[in-house]
Amino acid sequence: MTRFRIALALLGSAATLTAGAVVPVQVVGAQPAAAADRQWVALGDSFTAGVIPAAGNVFEDPRDGCERTDLSYPQVIDRDLGSLFDLTNISCGAATIKDVTETAQEPMGRHLPPFVEDPDYPFPAVPPQSASVGPGTDMITVGIGGNTLGFAEILTKCLQLGQESDGAGTPCKDALAASLPARLNTVGKDFDRMLTVLHERAPQAKILAVGYPTIVPADTSKCRYNDLTQFGAITAGDLDWLRSDVLEPLNNAIEKSTGTQDSAAFVDLYESSKNHSVCDTGKWVEGIITAPDRISFVHPNAQGHRYAADQVAMAMLNGIG
């Protein structure tokens, strides 16, 4: 969905939503304030919060360590659809599924040793994200699961082993493949539990589970070995493994879990972002660094969040139809 289509949807306070399309209705004397009574809570990890400088500026003052940025997709949607939804953005970098459901999280800020130290670290704990959801919540978006899988840990290990192997073979796959079934099983079980908790807390709410975009291209020959603006020292073979055995199954686990809840729907960011991976010219996800020297550690940039905003906004509009 383009910004133009969002603008059309906002011409009136009501829209007829059929077959996934937005049909604008001009209403004389419409009351935008009443429409904004729809309460929306955005939950999730760094792929929701924004976190990196390429996804905008952190807007909390003082910082709480969650690193929500002003170009992240919840904030973009808030600017596009603010007359329809009243946003509470509780997403937090490094959050796990249990940090949404039940755990008080200790945010990391931009503390990612040995790559970068955050001078304000450590930060006070923040409540479980689900604490911000209640009977008056109408819409919940949640993008979570990568940290439960241990994606950052896997990525770090792949960088280390790829450097040691001088780019040859699949050292990361060889070391970690056996752990993937258990990791993915934990994601599925925790996601099931999270959806149940969210539905219990907000029984009238529509829950949109937001998947992860394409990160690794199908053609890994696009990726330059030892280029930190891409995947650094991760080998081509391990990149293929990360795509097919880690990231795609992660999305599949989230989608499968979402399908078990009548109140939930899955928002697929993967298929239509396939030409915008870390190694593509028009990338929507940054590599290990954003040139010249800003740590990004494989997170969406502003363009990636704009794309996510369009997909999630369409699902939200369909959800109130």
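For the structure, check the block above.
Not measured: the values here are computed from a predicted model. (Residues numbered from 1 in each chain as written. Predicted model: local features only at pLDDT ≥ 70, side-chain atom pairs only at ≥ 80, totals over all residues. Heavy atoms only, no water.)

## Side note on the overall build of the protein
Using the following cut-off: A run of H or I in DSSP counts as a helix once it spans at least four residues, and a run of E counts as a strand once it spans at least two, with each numbered from the N terminus. Under the scheme applied here, a residue whose accessible area is under 20% of the maximum for its type counts as buried, over 50% as exposed, and between as partly exposed, the area being computed with a 1.4 Å probe on protein chains only. What makes two residues a contact is simply this: any of their non-hydrogen atoms within 4.5 Å. Shrake-Rupley sampling with a 1.4 Å probe provides the accessible areas, and residues are treated as covered by the protein chains on show and by no other component.
Check the secondary structure of the protein and you find eleven helices and nine strands. Out of the 321 residues belonging to the protein, those deemed buried represent 52%. When contacts within the protein are restricted to residue pairs at least 6 apart in sequence, those whose partners lie at least 24 apart make up 71%. Taken as a whole, the protein presents about 13600 Å² of accessible surface, with 53% of it coming from carbon and sulfur.

## Things to note about empty space enclosed by the protein
Condition: Definitions used throughout: a 1 Å grid over protein atoms alone; a cavity as a set of points that fits a 1.4 Å probe which cannot get out; a pocket as an open set with protein on both sides within 12 Å along at least five of seven lines; a lining residue as one with an atom within 4 Å of a point. Grid points are joined across faces, edges and corners, and a volume is the space filled by probe spheres set on the points. Residues are grouped as follows: Ala, Val, Leu, Ile, Met, Phe, Trp, Tyr, Cys and Pro are nonpolar; Asp, Glu, Lys and Arg are charged; all remaining types, including Gly, are polar.
Applying the stated criterion to the full structure yields one cavity of 30 Å³ or more. Computed from the structure, the largest cavity encloses a volume of approximately 120 Å³. Around the largest cavity sit 16 residues that line it, and Phe47, Tyr73, Gly211, Pro213 and Leu269 are the ones nearest its centre. When residues of the lining of the largest cavity are traced back to their parent elements, those giving at least two are α3 (46–49) and α11 (302–319). Among the elements that make up the lining of the largest cavity, the one with the highest residue count is α11 (four residues). Considered class by class, the residues forming the lining of the largest cavity number ten nonpolar, five polar and one charged.

## A look at the sheet that holds strand β5 (residues 139–143)
Under the convention used in this document: For two strands to be treated as a pair, DSSP must find at least two bridges joining them. Each axis is a line fitted through C-alpha atoms, taken for helices only over the stretch in contact, and angles between the N-to-C directions span 0 to 180 degrees.
Taken together, five strands build an open sheet; the order of strands is β4-β3-β5-β6-β7 and the sheet is parallel. Across the chains shown, the open sheet's two edge strands, defined by having one partner strand only, are β4 (85–89) and β7 (264–267). Direction aside, neighbouring strands of the sheet carry axes that sit 20° apart on average. In the packing of helix α9 (residues 180–201) onto the sheet, contacts are made with β3 (38–44), β5, β6 (206–210) and β7, and the angle to β6 comes to roughly 155°.

## Considering the nonpolar core
Definition in use: Nine residue types can take part in a nonpolar core, namely buried Ala, Val, Leu, Ile, Met, Phe, Trp, Tyr and Cys, and a core is a set of them joined through side-chain atoms within 4.5 Å.
Counting residues in hydrophobic clusters, the biggest one holds 55 residues, and the most contacted among them are Met194, Phe231, Trp241 and Leu242. For this core, the element with the most residues is helix α10 (residues 236–258), which contributes eight residues. Contacts of Met194, omitting those with residues within four sequence positions, involve Ile97, Val100, Thr101, Val142 and Ile144. Listed in part, the 23 residues of the second largest apolar core include Trp40, Val267, Tyr307 and Ala308.

## Thoughts on the state of the cysteines
Counted only if it meets this: Throughout, disulfides are identified as pairs of cysteine sulfur atoms within 2.5 Å of each other.
Tallied over the entire structure, the rule returns three disulfides. Each disulfide pairs two cysteine sulfurs, and for Cys66 the partner residue is Cys92, the sulfurs being separated by 2.1 Å. Across the disulfide from Cys66 to Cys92, rotation about the S-S bond amounts to roughly -85°, and the bridge is consequently left-handed. In this pair, Cys66 sits in the loop between α3 and α4 (73–81) while Cys92 sits in the loop between β4 and α5 (97–101), placing the two residues 26 residues apart along the sequence. You can call Cys92 buried: its relative accessible area is 1%.

## Let's talk about the pattern of salt bridges
Definition in use: By convention in these notes, a salt bridge is any Lys or Arg side-chain nitrogen within 4 Å of a carboxyl oxygen on Asp or Glu.
Scanning the model with the defined rule gives 14 salt bridges in all. In this structure, Asp118 engages Arg63 in a salt bridge whose closest nitrogen and oxygen atoms are separated by 2.6 Å. Highlighted residues: Asp118 in the loop between α5 and β5 and Arg63 in the loop between α3 and α4, separated in sequence by 55 residues. Note on Asp118: relative accessible area 6%, which makes it buried. The partner of Asp80 in a salt bridge is Arg306, with the nearest N and O atoms 2.6 Å apart. You can see Asp80 sitting in helix α4 and its partner Arg306 sitting in helix α11, a full 226 residues away along the chain. Residue Asp80 is classed as buried on the basis of its relative accessible area, which comes to 16%. When its relative accessible area of 14% is taken as the criterion, Arg306 is described as buried.

## So, the environment of Ile144
Relative to the helices and strands, Ile144 is located in the loop between β5 and α6 (146–149). The class for Ile144 is buried, based on a relative accessible area of 0%. Separated by 45 residues in sequence, Ile144 and Asp99 have C-alpha atoms that sit 9.6 Å apart. Apart from residues no more than four positions distant in its own chain, Ile144 is found in contact with Gly44, Asp45, Ala95, Thr96, Ile97, Val100, Phe191, Met194, Tyr212 and Ile254.

## Digging into the packing of aromatic side chains
Let me state the cut-off plainly: Here a Phe, Tyr or Trp ring, Trp counted by its six-membered ring, pairs with any other such ring whose centre lies within 6.5 Å, and the pair is stacked when the planes are under 30 degrees apart, edge-to-face when over 60, and tilted otherwise.
With the rule as written, the count across this model stands at three aromatic pairs. Ring centres of Phe47 and Tyr212 lie 5.2 Å apart, and the angle between their planes is 70°; this geometry places the pair in the edge-to-face category. Within this pair, whereas Phe47 is found in helix α3, its partner Tyr212 is found in the loop between β6 and α10, the two being separated by 165 residues in sequence. Given the relative accessible area of 7%, Tyr212 is considered buried. Ring centres 4.6 Å apart and planes at 25° place the aromatic pair Trp284 and Tyr307 in the stacked group. Residue Trp284 is located in the loop between β7 and β8 (289–290), and its partner Tyr307 is located in helix α11; the two are separated by 23 residues in the primary sequence.

Purely geometric numbers; function is a separate question.
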